[in-house]
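Spelled out from the first residue to the last, the chains are:
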Amino acid sequence: MDQSPTPQQPLAPPVGRYSRSDDRTTDRRLRIAGVVFGVLLVGLIAWLGTSYLLRETKLNGTVPTFQPVSDSELQLQLSVRKSEGTSGVCTVRTQGVDGAVVGQSDFQIPAEGTTYDKVVTLRTTSRGSTAELLGCTPNK
């Protein structure tokens, strides 16, 4: 009898212990779950974006330019896009150089037309250095 050493084969784990045969099935299920989750996430983002873009605002205003006229007045251009027949109020404020609010006023927006573009005067307690539109609210 030959007692020569035989090359040892690597030890294999017991059959079924680590479920090697199910790895492909598990990977496939994870990929499918990932794809489904990704599609749902993209759909949610698309829905939220579309609803945000399509939401109709009744009054949308800006203050493109302003100019201090004196220590007690500030002239500003008030531009408002709106739905036909919608009237409302836009609130504008101004601040001094130190950041304190030196003037705030509500300006009436008439119902006629789809745009309102007018130079208005804002009274101040001292010289204003900014003009900020706080918001526009439609009348009920």
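Structure: above.
What you see is a predicted model, and the numbers here were worked out from it, not measured in a lab. (Residues numbered from 1 in each chain as written. Predicted model: local features only at pLDDT ≥ 70, side-chain atom pairs only at ≥ 80, totals over all residues. Heavy atoms only, no water.)

A. Structural context of the sheet that holds strand β4 (residues 88-95). Taken in spatial order, the three strands of this open sheet run β5-β4-β7, and their pairing is antiparallel. Lying at the two open borders of the sheet, with one neighbouring strand each, are β5 (101-109) and β7 (132-138). Each strand of the sheet is rotated relative to its neighbour by a mean of 15°, with strand direction disregarded. Bridging between β4 and β7 involves six bridges; their strand directions are antiparallel. Bridge pairing links Gly88 to Pro138 in β7. (Pairing = 2+ DSSP bridges. Helix = DSSP H or I, 4+ residues; strand = E, 2+ residues; numbered from the N terminus. Axes fitted to C-alpha atoms, helices over the stretch in contact; angles between N-to-C directions.)

B. Inspection of the state of the cysteines at higher detail. The full count for this structure, using the stated rule, is one disulfide. Here Cys90 is linked by a disulfide to Cys136, with a sulfur-sulfur distance of 2.0 Å. As the torsion about the S-S bond is roughly 110°, the Cys90-Cys136 disulfide counts as right-handed. You can see Cys90 sitting in strand β4 and its partner Cys136 sitting in strand β7, a full 46 residues away along the chain. Of the residues examined, Cys90 reaches a relative accessible area of 0% and is grouped as buried. (Disulfide = S-S within 2.5 Å. Buried < 20%, exposed > 50% of the residue type's maximum accessible area, 1.4 Å probe, protein only.)

C. The pairing of strand β2 (residues 66-70), seen in detail. Note that β2 and strand β3 (residues 73-82) share four bridges and pair antiparallel. Counterpart to Phe66 in the pairing with β3 is Leu76. With antiparallel pairing between neighbouring strands as the criterion, β2 and β3 make up a hairpin whose turn holds two residues.

D. How the structure looks around the side chain of Thr124. On the secondary structure map, Thr124 appears in the loop between β6 (115-123) and β7. There is a polar contact of 3.4 Å between the side chain of Thr124 and the backbone nitrogen of Glu73. A distance of 2.9 Å separates the side chain of Thr124 from the backbone oxygen of Ser126, its partner in a polar contact. When near neighbours in sequence (up to four residues on either side) are disregarded, Thr124 contacts Asp71, Ser72, Glu73, Leu74, Thr94, Val102 and Gly103. (Polar contact = N/O pair within 3.5 Å; in protein donor to acceptor, adjacent residues only side chain to side chain. Contact = heavy atoms within 4.5 Å.)

E. Region of the structure containing a nonpolar patch on the surface. A surface patch of nonpolar side chains, amounting to about 670 Å² of accessible area, comprises Phe37, Leu41, Leu44, Ile45, Trp47 and Leu48. Mapping Leu44 onto the fold places it in helix α1 (residues 23-54). (Patch = residues over 30% accessible without salt bridge, like charges linked within 9 Å, V, L, I, M, F, W, Y side chains within 5 Å. Areas by Shrake-Rupley, 256 points an atom, 1.4 Å probe, with all protein chains shown as cover. Salt bridge = Lys/Arg side-chain N within 4 Å of Asp/Glu carboxyl O.)

F. Broad picture of the environment of Thr121. Mapped onto the elements of the fold, Thr121 is located in strand β6. In this structure, the C-alpha to C-alpha distance between Thr121 and Val69, residues 52 residues apart in sequence, is 9.0 Å. Those residues in contact with Thr121, other than ones at most four positions away along the chain, are Glu73, Leu74, Gln75 and Phe107.

G. Up close: the side chain of Thr86. Relative to the assigned elements, Thr86 resides in the loop between β3 and β4. Judged by its relative accessible area of 12%, Thr86 falls in the buried class.

Just distances and angles here, no functional claims.
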